[in-house]
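Below are the chains, spelled out letter by letter.
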Amino acid sequence: MILKGGDNNESPDFVAPVEWRMIRNEITKDLKAGEWAFDCNTLEMWWSVEIFRIFNLDHKYAKPSFASYKKLLHPDDKDLVLFLFQRALEKGVPYEVSHRFTMVDDKVKWCRVKCRVQLDSSKNSVTKLFGTIQDITLWSKSVIDGRKSLNAIVEAKQQDQHGDSVTEDPTCSIC
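This one's a predicted model, so the numbers in the text were calculated from it and none came from an experiment. (Residues numbered from 1 in each chain as written. Predicted model: local features only at pLDDT ≥ 70, side-chain atom pairs only at ≥ 80, totals over all residues. Heavy atoms only, no water.)

### Concerning the side chain of Lys 109
Phase 1 of the analysis: Assignment of secondary structure puts Lys 109 in strand β4 (residues 108-120).
Phase 2 of the analysis: Of the residues examined, Lys 109 reaches a relative accessible area of 15% and is grouped as buried.
Phase 3 of the analysis: From its side chain, Lys 109 meets the backbone oxygen of Ile 54 in a polar contact 2.6 Å long.
Phase 4 of the analysis: Side chain to side chain, Lys 109 and Asn 56 meet in a polar contact 3.4 Å long.
Phase 5 of the analysis: In this view, Lys 109 contacts Arg 53, Ile 54, Asn 56, His 99, Arg 100, Phe 101, Met 103, Asp 135 and Thr 137; residues no more than four positions away in its chain are not counted. (Helix = DSSP H or I, 4+ residues; strand = E, 2+ residues; numbered from the N terminus. Buried < 20%, exposed > 50% of the residue type's maximum accessible area, 1.4 Å probe, protein only. Polar contact = N/O pair within 3.5 Å; in protein donor to acceptor, adjacent residues only side chain to side chain. Contact = heavy atoms within 4.5 Å.)

### Section: the packing of aromatic side chains
Each aromatic ring pair is characterised by the separation of its centres together with the angle its planes make.
Phase 1 of the analysis: Under the defined criterion, the tally for this structure stands at 10 aromatic pairs.
Phase 2 of the analysis: Judged by centre distance (6.5 Å) and plane angle (35°), the ring pair of Trp 36 and Phe 85 falls under tilted. Here Trp 36, found in strand β1 (residues 33-39), pairs with Phe 85, found in helix α4 (residues 78-91); they are 49 residues apart in sequence, far enough to count as distant. We note that Trp 36, like Phe 85, is buried. (Phe/Tyr/Trp six-rings, centres within 6.5 Å; stacked < 30°, edge-to-face > 60°.)

### A short note on the sheet that holds strand β2 (residues 45-47)
Phase 1 of the analysis: Here 5 strands make up an open sheet; going across it, the order is β2-β1-β5-β4-β3 and the pairing antiparallel. Two strands bound the open sheet, and with one partner strand each, they are β2 and β3 (95-102). The sheet shows a mean angle of 25° between the axes of neighbouring strands, direction not considered.
Phase 2 of the analysis: For β4 and strand β5 (residues 125-135), the ladder comprises 10 bridges, and the chain directions are antiparallel. Its bridge partner being in β5, Cys 111 is matched across the sheet by Asp 135.
Phase 3 of the analysis: Sitting on the sheet, α4 is in contact with β1, β3, β4 and β5, with an inclination near 140° to β3. (Pairing = 2+ DSSP bridges. Axes fitted to C-alpha atoms, helices over the stretch in contact; angles between N-to-C directions.)

### Re the nonpolar core
Here is a general trend for soluble globular proteins: nonpolar side chains tend to be buried in one another's company.
Phase 1 of the analysis: Within the largest apolar cluster, 27 residues are counted, with the highest numbers of intra-cluster contacts made by Trp 36, Phe 55, Tyr 69, Phe 101, Val 113, Leu 129 and Ile 133.
Phase 2 of the analysis: When residues of this core are traced back to their parent elements, those giving at least two are β1, β2, α2 (49-54), α3 (66-72), α4, β3, β4 and β5.
Phase 3 of the analysis: Take this core: its biggest share by element is 4 residues, from α4.
Phase 4 of the analysis: Sequence-distant contacts of Phe 101, defined by excluding residues within four places in its chain, comprise Phe 55, Tyr 69, Leu 72, Leu 73, His 74, Lys 107, Val 108, Lys 109, Cys 111, Val 113 and Ile 133. (Core = buried A, V, L, I, M, F, W, Y, C linked by side-chain atoms within 4.5 Å.)

See the structure below:
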């Protein structure tokens, strides 16, 4: 069976657009990914509900702005992120980067941020930036924990080679 998208490719032919929006919202919640947009002329910023969730903000009360976005940037990552954003604004260069945000409660979240560019070809200028933010904190934590475990194994193996007593596990493929 071949499935084809609708005329506008916004939803499958067999799912009503309203139902598809609800399904899409659930999917983005599961993925912990949200969408954002920035109008270069008005300097207005828009965030989907999922981005408010990622940032632990109430979408009913918080207003998205570039100033509030900048406040959430982790101090060690701020210069890089602002450089990439500025380059996208001025030169139309899209970017994709993983970096940290510091929440209001001082917890740190790792996110994958993608920025795409919309150009006005008649003026040869950037009109809008848009993209996604995905919370990858759990994934990042597991990678960091995995590296720590691997480093501990390597250190133990090196100690064993230097005559220190480390018992080899015959079931371990690294030993």
